[in-house]
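Letter by letter, the chains look like this.
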Amino acid sequence: LLFDAALRAARARAMCDSDAALRRLNAISRHSTGARGGGCCGGAATSGGDVDSARGNDAGASGGDGCGCGCAARGGAGGDDGAAASASACACPSTCACMQPCSRSGAPSRCATAAAGAGAAGGSERITDGERNLAMERAKATFKVRELTLYLDGGAKITAFREKAMRELEALPVFRQDDRFDLTRPESRKRTMEKVRGLYRAFVKDARSEGGLDMRRARLEAAGLLDPGWFTRNGVHFGLFMGAISGQGTQEQQQEWLPQVFMLSIFGCFGMTELGHGSHVRGLETVATYIPESQEFDIHSPTLTATKWWIGGAGQTATHCSVFARLVVDGDDKGVHCFVVQLRDTETHAPMPGVSVGDCGAKMGRNGLDNGWIQFHHVRIPREQMLMKHAQVSPEGVYTKPPRAAAAYGALILGRAHMVKDSYDVLKAALTIVIRYTCVRRQGEPFREGEPEPQILNYTSMQARLLPTLAQCYAFYFTSRFMIDMLDRFNEKDGGGGGGDDAEAAEMLPDLHATSAGLKAYCTWYTLEAIEKCRQCCGGHGYSGYAGLAAMFADFAVQCTWEGDNTVMALQTARYLVSSLRKLRDGQEVQGSVRYLAEKLPASWDAATAAQVRDPRRQLVALRFQAATLVRAAVAALDERTAAGASETEAWNATAVPLLRASKAHVYYNMASFFVHGVEARMADEAEDPSLADSGVGAICKTLCDLFVLHYMADTMGYFLRSSFMSPTQADLIDREVAASFVPVRANAVPLVDAFNLSDFVLNSPLGRYDGRVYEAYFEQVRRSPYGTSTAPYFETTIKPMLEGADVGGGDDSDDADDDDDDGSE
C-alpha cells in the first residue's frame with residue numbers, strides 16, 4: 001500500500017512510468033551495452049556516456065536531447081532494456097519526484113521514481129522486491145538528495161571530482177573488486193603495490209591540471225575506501241616519511257630528499273614505534289651516537305625491545321626510513337630525534353650492512369600493507385642525515401636544542417587530524433550498506449493483518465541502534481570539516497613545516513595537538529564499535545566476508561592504536577584541559593577549544609518544552625556545563641591527591657578515570673558545537689539564497705543535530721541528574737524528543753545515505769547495492785567464488801577415507817603396536 005501510494009505521488013509529480021523507473025534503478029549500477037539517453041534530475045542526454053558518473057553505464061539506443069529530469073516521457077531513450085529512441089519532447093512538470101528542478105545542466109542524481117534513459121515498460125527483467133523497497137524509501141525524501149551531496153562535498157566542482165575519481169578507479173584493472181575478499185596475503189601485497197604505482201601516475205597527471213589538489217583528495221578518499229592497505233602504504237611514504245623530512249629537515253635536506261620521495265626513486269617508512277614502546281615516545285630505546293671524528297651517527301638497537309615494530313612498508317617495500325632514536329652527544333642523552341637511514345639497496349633490494357629487517361606476519365587486517373620490524377647493528381650514517389630544522393649537531397659535536405619540544409611531531413598531528421575524516425568516510429560506507437540492506441530485507445510477523453513482513457529498519461529496536469549512529473556520522477562530517485580548516489589555517493601560518501615556527505602558529509599548536517588527539521581517540525573508538533553494530537544489524541549475512549563489514553572492521557581496528565593509543569590520546573587531551581583550567585586560576589587567558597572553561601555556568605537547565613529542548617543554544621549550555629564541571633572535578637581530585645603527598649604522576653594515575661570522563665565530555669561538547677554552528681550557517685545560506693531555499697538540507701541537518709545531541713545527553717543523563725542540573729521531568733522530555741527524532745530520520749534514512757554518493761563499486765558489498773538487488777548480487781558473488789565448488793579438493797585424501805570407514809577401527813598403527821605389547825595381565 002505504501003509503495004502504491006508513493007508511485008501515485010510520483011506519477012502525479014513527474015508522470016513517471018513505475019516499471020521504467022524501477023528498471024532505471026537496475027541500470028544505475030549494472031553494465032550493459034548501448035548509448036545513454038540522459039541523466040536523472042539535471043543530466044542532459046548525451047550519447048554513449050555514463051548515466052551517473054559514479055554508478056556505471058546503461059544500455060539502449062541513443063535518444064533525443066531531453067530535459068534531463070529523467071521522466072519517462074522525456075527525450076532520449078535507452079535504458080537497460082534497449083528500447084528504441086523516443087521523441088525529444090519533455091512531458092514533466094518543473095520539479096521531478098526527487099525534488100530536483102528540471103534542468104539540462106548539473107550532475108545527475110539518483111531519483112527513485114525517475115526513469116532517465118529507461119526503455120519502454122514491459123522489459124524482460126523482473127522487478128525485485130528490493131528494488132520496490134528502495135524506490136518506496138527514496139520517494140519519501142523531504143529534501144533534495146543532490147543538494148545535500150553538493151553541500152557535503154563542498155560544491156558541484158568537488159562532487160564532479162569525486163564522481164570522476166570513482167569512475168576512473170572502476171576502470172583501472174588493478175582496482176578490480178570482485179576478488180578482493182578471496183586474495184591470499186602475497187596476492188594482496190602485490191596488488192596493493194601495483195595500486196601505489198597506478199595511482200601515482202594519476203597523481204602526477206593531477207599535479208599538472210587545474211583543480212589537481214581537489215582531484216587528488218577525491219582519489220585518496222575513494223581509493224582509501226576501496227583498499228585501506230593501499231591508503232596506508234601510500235600515506236606512510238607521502239605523508240609520514242615525506243612529512244618528517246619537510247617538517248624537520250632543513251632547506252638543504254629537503255632539496256636533497258624530497259625530489260627522490262616525489263619521484264619514487266626511494267620508498268620511505270616511518271620508524272617510531274618499537275617492540276617495547278609505542279605511545280611513550282620519550283621511552284624509545286634506539287640510540288644514535290654522534291662520532292665527531294668521522295662526522296657520523298652510529299644507529300644501534302641495544303636491546304630486543306628496541307626493535308622497530310609495526311613499521312608500515314618496512315616488511316618488504318621500504319628502501320629508507322625516518323628513524324626516531326635517542327641522540328647521544330659526548331655521552332649525554334639529548335632525547336629523541338629523527339634520522340634518515342637507508343634500509344635496502346635500491347638496485348638489489350637487499351638489506352644494507354648492519355640492518356636486519358623482516359615482516360611482522362599475520363595480523364588482523366590491512367593485509368595489503370607489509371608491516372615490518374627493523375634492527376640496527378651499529379649502522380653508520382653521515383651527520384647530514386639527522387634532520388636538523390629544529391635541533392642541530394655541528395661537525396664538532398655541539399648540540400643546539402629545538403625551541404619547542406612539540407616541533408618534532410607535526411606529522412603526527414597531521415595524521416591524527418585526518419583520522420577524524422577517515423572515521424567519517426568509513427562510517428558513511430558502513431551505514432550506506434546497513435541502511436539500504438535493512439530497508440530491502442523483510443523479516444518477521446506483519447504489524448497488521450494483510451501487510452507483508454516488515455522491513456527490519458521499521459523495528460524500533462533497529463532504529464534505536466542505527467539512527468543515532470547515522471546522526472553521529474553527520475556530526476563527524478562537521479567535525480572533520482572544522483579540523484581540516486583548522487589544520488589548513490595552522491599550515492598557512494606555519495608555512496607547512498608543522499613545527500609552529502610562526503608566533504601565531506606556535507600559539508595554535510597546543511590546542512591543535514590536544515583537539516586532534518581527543519577527536520582521534522573518540523571518533524575512531526566510536527567508528528570501530530559502529531562498524532560492528534552495522535555488521536550485527538545485517539544479521540547472518542553480515543558475517544559474510546562479501547558483505548564488506550567484517551573486512552572494514554578488521555582494517556579500521558588499527559586506527560584505535562596506531563599514531564597514539566586512544567587512551568593515551570584521550571589523556572593527552574585531559575592534560576591540556578587540566579593545564580588550561582590552572583591557567584585560568586592563575587589569571588591567564590585560554591583560547592580555542594577550551595574557552596568555555598572561562599564562562600559562567602548556570603546552576604540548572606531552563607528547558608521546559610519540546611521546542612526548548614531542541615533549542616541549540618540550550619543544548620550547548622547543557623553540554624558546556626557537563627564538560628566544564630567534569631574538568632573542574634578532575635582537577636580537584638588531582639589537587640587532593642597531590643596535597644596528600646602523592647607525586648604528580650601518582651596523582652595522575654589515580655585520577656585517570658575522571659580525567660577520561662572530562663576528556664570525552666570536552667570532545668563531545670566541541671563536536672556538538674561544530675554541528676550546531678555548521679547547521680546554522682547552512683540555514684542562513686538557505687535564507688539568503690533563493691536557489692537553496694527549497695532544498696530541505698538545513699532542516700534535515702537540524703533534525704540530525706538534535707538527534708545527535710539529545711541522544712548523547714540521554715546516554716549521560718546520570719551525570720545531569722546527579723549534579724541536579726536537570727530534573728527527572730526534563731530527562732523524560734529528552735527521551736521523548738529522541739524518539740520523536742527517529743520518525744523523520746527513519747523516513748529519510750535511505751536518502752540520507754544516498755547523499756554520501758558512494759558508488760556500488762566503492763562500497764563493494766552486495767548488501768548495499770543502490771538498486772536493491774541484494775540477494776541476486778550476493779548469490780552471484782558467492783557462486784563466482786573460487787571456493788564455490790561443489791566437491792572439496794581434499795575429498796580423495798580426507799573425506800572419502802572417512803566415508804569408507806577408515807576411522808571406524810578407532811586406531812592406527814601405533815594402536816596396533818600397543819595391542820602387541822599386551823602382557824595379558826588382565
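In this text, all values refer to a predicted model and were calculated from it rather than measured experimentally.

Visitor: Explain the overall build of the protein chain here, please?
Guide: The number of helices and strands found in the protein chain is 26 helices and 11 strands. Considering the protein chain as a whole, with its 826 residues, one finds that 55% of them fall into the buried category. Residue pairs in contact within the protein chain that sit at least 24 positions apart in sequence constitute 73% of those at least 6 positions apart. Summed over its atoms, the accessible surface of the protein chain is roughly 34300 Å², and 53% of this surface lies on carbon and sulfur atoms.

Visitor: It is not clear to me how the nonpolar core should be interpreted in this structure. Could you clarify?
Guide: A general trend in soluble globular proteins is that nonpolar side chains are found buried together. If you look at the biggest cluster of nonpolar residues, it comprises 151 residues, and the most contacted ones within it are Leu-148, Tyr-474 and Met-713. For this core, the element with the highest residue contribution is helix H12 (residues 503–537), accounting for 16 residues. Contacts of Met-713, omitting those with residues within four sequence positions, involve Trp-605, Ala-622, Leu-623, Phe-720, Met-726 and Ile-734.

Visitor: How do you make sense of helix H8 (residues 228–248) when you look at a structure like this?
Guide: Three or four residues apart is the spacing at which side chains of an α-helix point the same way, because the helix has 3.6 residues per turn. By the largest-angle criterion, Gly-235 marks the main kink of H8, which is about 40°. Burial analysis of H8 places 17 of its 21 residues in the buried class, the great majority of the element. Where H8 starts, the residue carrying a side-chain oxygen 3.0 Å from the main-chain nitrogen of Gly-229 turns out to be Asp-227.

Visitor: Please clarify how helix H5 (residues 156–171) should be interpreted in this entry.
Guide: The first and last C-alpha atoms of H5 sit 23 Å apart over 16 residues, in line with the 22 Å expected at 1.5 Å per residue. Restricting attention to buried positions, one finds in H5 the residues Ile-158, Thr-159, Phe-161, Arg-162, Glu-163, Ala-165, Met-166 and Leu-169.

Visitor: Would you explain the packing of aromatic side chains in this entry?
Guide: Any pair of aromatic rings gets described here by the distance separating the centres and the angle formed by the planes. Applying the stated criterion to the full structure yields 23 aromatic pairs. Centroid distance Phe-181 to Tyr-546: 6.4 Å. Interplanar angle 70°. Geometry classified as edge-to-face. Of this pair, Phe-181 sits in the loop between H5 and helix H6 (185–207) while Tyr-546 sits in the loop between H12 and helix H13 (549–556), and the two are 365 residues apart along the sequence. An angle of 40° between the planes, with centres 6.0 Å apart, marks the rings of Phe-675 and Phe-708 as tilted. Note that Phe-675 is positioned in helix H18 (residues 656–688) and Phe-708 in helix H19 (residues 697–715), a separation of 33 residues in sequence. An identical accessibility class is assigned to Phe-675 and Phe-708; each is buried. Clustering of aromatic rings is evident, with ring pairs tying together Tyr-151, Tyr-424, Tyr-474, Tyr-477, Phe-478, Tyr-668, Phe-675, Phe-708, Tyr-712 and Phe-756.

Visitor: Any chance you could explain the sheet that holds strand E4 (residues 308–312) here in plain terms?
Guide: Backbone-to-backbone hydrogen bonds join strands into a sheet, with any given pair of strands oriented parallel or antiparallel. Spatial ordering of the open sheet is given by E4-E8-E7, a layout of three strands whose pairing is antiparallel. The open sheet has two edge strands with one neighbour each: E4 and strand E7 (355–359). Ignoring which end each strand starts from, the neighbouring axes of this sheet average 30° apart.

Visitor: Honestly, the pattern of salt bridges in this entry has me stumped. Any pointers?
Guide: A pair can form between side chains of opposite charge whenever their charged atoms are brought close. Evaluation of the coordinates by the stated rule reveals 47 salt bridges. Overlapping salt bridges bring together Asp-153, Arg-162, Glu-221, Lys-421, Asp-425 and Lys-428 as one network.

Visitor: Just checking my understanding: could you explain unusual backbone geometry for this structure?
Guide: A negative phi holds for most residues other than glycine; trans holds for most peptide bonds. Look at Gln-295: it is not a glycine, yet its phi comes out positive at around 55°. Mapped onto the elements of the fold, Gln-295 is located in the loop between strand E2 (287–291) and strand E3 (296–300).

Visitor: Is there a simple way to explain the side chain of Asp-370 in this structure?
Guide: Along the chain, Asp-370 turns up in the loop between E7 and strand E8 (371–376). For Asp-370, the residues in contact, after removing those within four places along its chain, are Arg-189, Arg-233, Ile-311, Gly-312, Gly-313, Ala-314, Gly-315, Gln-316, Thr-317, Asp-359 and Lys-363.

Visitor: What should I look at first to understand the packing of helix H14 (residues 566–585) against H18 in this one?
Guide: Close contact between H14 and H18 brings their axes to 8 Å; oriented N to C, the two are set at 85°. As far as their axial angle goes, H18 and H14 are roughly perpendicular. Side by side, H14 and H18 meet where Thr-567, Ala-570, Leu-571, Thr-573, Ala-574, Leu-577 and Val-578 of the first sit next to Ala-656, Leu-659, Leu-660, Ala-662, Ser-663 and His-666 of the second. Of the residues contributing to the contact of H14 with H18, the split by class is nine nonpolar, four polar and no charged.

Visitor: Sorry, what's going on with the environment of Pro-302 here?
Guide: Along the chain, Pro-302 falls in the loop between E3 and E4. In this structure, the C-alpha to C-alpha distance between Pro-302 and Phe-376, residues 74 residues apart in sequence, is 8.5 Å. With residues near it in sequence (within four places) discarded, Pro-302 still touches Glu-285, Thr-286 and Val-287.

Visitor: Just to check I follow, could you spell out the confidence of the model for the protein chain for this structure?
Guide: Low-confidence regions, as indicated by low pLDDT, have predicted coordinates that should not be scrutinised in detail. Of all residues in the protein chain, 81% have pLDDT values of 70 or greater, and the mean over the chain is 83. A low-confidence stretch, residues 1–124 stays under pLDDT 50, and its non-local contacts, those more than four residues away or across chains, total 312 contacts. Counting contacts from residues 814–826, a segment whose pLDDT is below 50, to residues more than four positions away or on other chains yields one contact.

Visitor: Whenever I open this one, the environment of Asp-298 confuses me. Can you help?
Guide: Its location among the elements puts Asp-298 in strand E3. Given a relative accessible area of 10%, Asp-298 falls into the buried group. Expressed as a C-alpha distance, the spacing of Asp-298 and Val-287, which sit 11 residues apart in the sequence, is 7.7 Å. Not counting chain neighbours up to four residues away, the residues in contact with Asp-298 comprise Val-287, Ala-288, Thr-289, Ile-291, His-378, Val-379 and Arg-380. Among the polar contacts listed, one links the side chain of Asp-298 to the side chain of His-378, at a separation of 3.0 Å.

Visitor: What exactly am I supposed to notice about the packing of helix H16 (residues 616–643) against H18 here?
Guide: If you want to describe how two helices pack, look at the angle between their axes and the distance between the axes. One can describe the packing of H16 onto H18 by two numbers: an axis separation of 8 Å at closest approach and a directional angle of 160°. Taken as axis vectors, H16 and H18 run roughly antiparallel relative to one another. When the axes of H16 and H18 are compared, the crossing they make is left-handed. In the contact of H16 with H18, the residues fall into 16 nonpolar, four polar and four charged.

Visitor: Looking at this structure, how should I read the pairing of E8?
Guide: Judged by how many residues are buried, E8 sits mostly within the fold: five of six residues are covered. Where E7 lies against E8, five bridges are found, and the strand directions are antiparallel. If you follow Val-357 over to E8, its bridge partner there is Ile-374.

Visitor: Would you mind going over the state of the cysteines with me for this structure?
Guide: What we call a disulfide is simply a covalent bond connecting the sulfur atoms of a pair of cysteines. This structure, assessed with the given rule, holds zero disulfides. Counting only cysteine sulfurs, Cys-269 is the nearest neighbor of Cys-321, a cysteine outside any disulfide, at a range of 3.6 Å. Overall, the relative accessible area of 0% leaves Cys-321 in the buried class. You can see Cys-701 has no disulfide; the closest cysteine sulfur is in Cys-705, sitting 8.9 Å from it.

Conventions we followed
- Residues numbered from 1 in each chain as written.
- Predicted model: local features only at pLDDT ≥ 70, side-chain atom pairs only at ≥ 80, totals over all residues.
- Heavy atoms only, no water.
- Helix = DSSP H or I, 4+ residues; strand = E, 2+ residues; numbered from the N terminus.
- Buried < 20%, exposed > 50% of the residue type's maximum accessible area, 1.4 Å probe, protein only.
- Contact = heavy atoms within 4.5 Å.
- Areas by Shrake-Rupley, 256 points an atom, 1.4 Å probe, with all protein chains shown as cover.
- Core = buried A, V, L, I, M, F, W, Y, C linked by side-chain atoms within 4.5 Å.
- Bend = angle between axes of the 7 residues up to and from the residue.
- Polar contact = N/O pair within 3.5 Å; in protein donor to acceptor, adjacent residues only side chain to side chain.
- Expected span 1.5 Å × (residues − 1).
- Phe/Tyr/Trp six-rings, centres within 6.5 Å; stacked < 30°, edge-to-face > 60°.
- Pairing = 2+ DSSP bridges.
- Axes fitted to C-alpha atoms, helices over the stretch in contact; angles between N-to-C directions.
- Salt bridge = Lys/Arg side-chain N within 4 Å of Asp/Glu carboxyl O.
- Parallel < 35°, antiparallel > 145°, perpendicular 65-115°, else oblique.
- Nonpolar A, V, L, I, M, F, W, Y, C, P; charged D, E, K, R; others polar.
- pLDDT = per-residue confidence, 0-100.
- Left-handed = near helix turned anticlockwise from the far one by under 90°.
- Disulfide = S-S within 2.5 Å.

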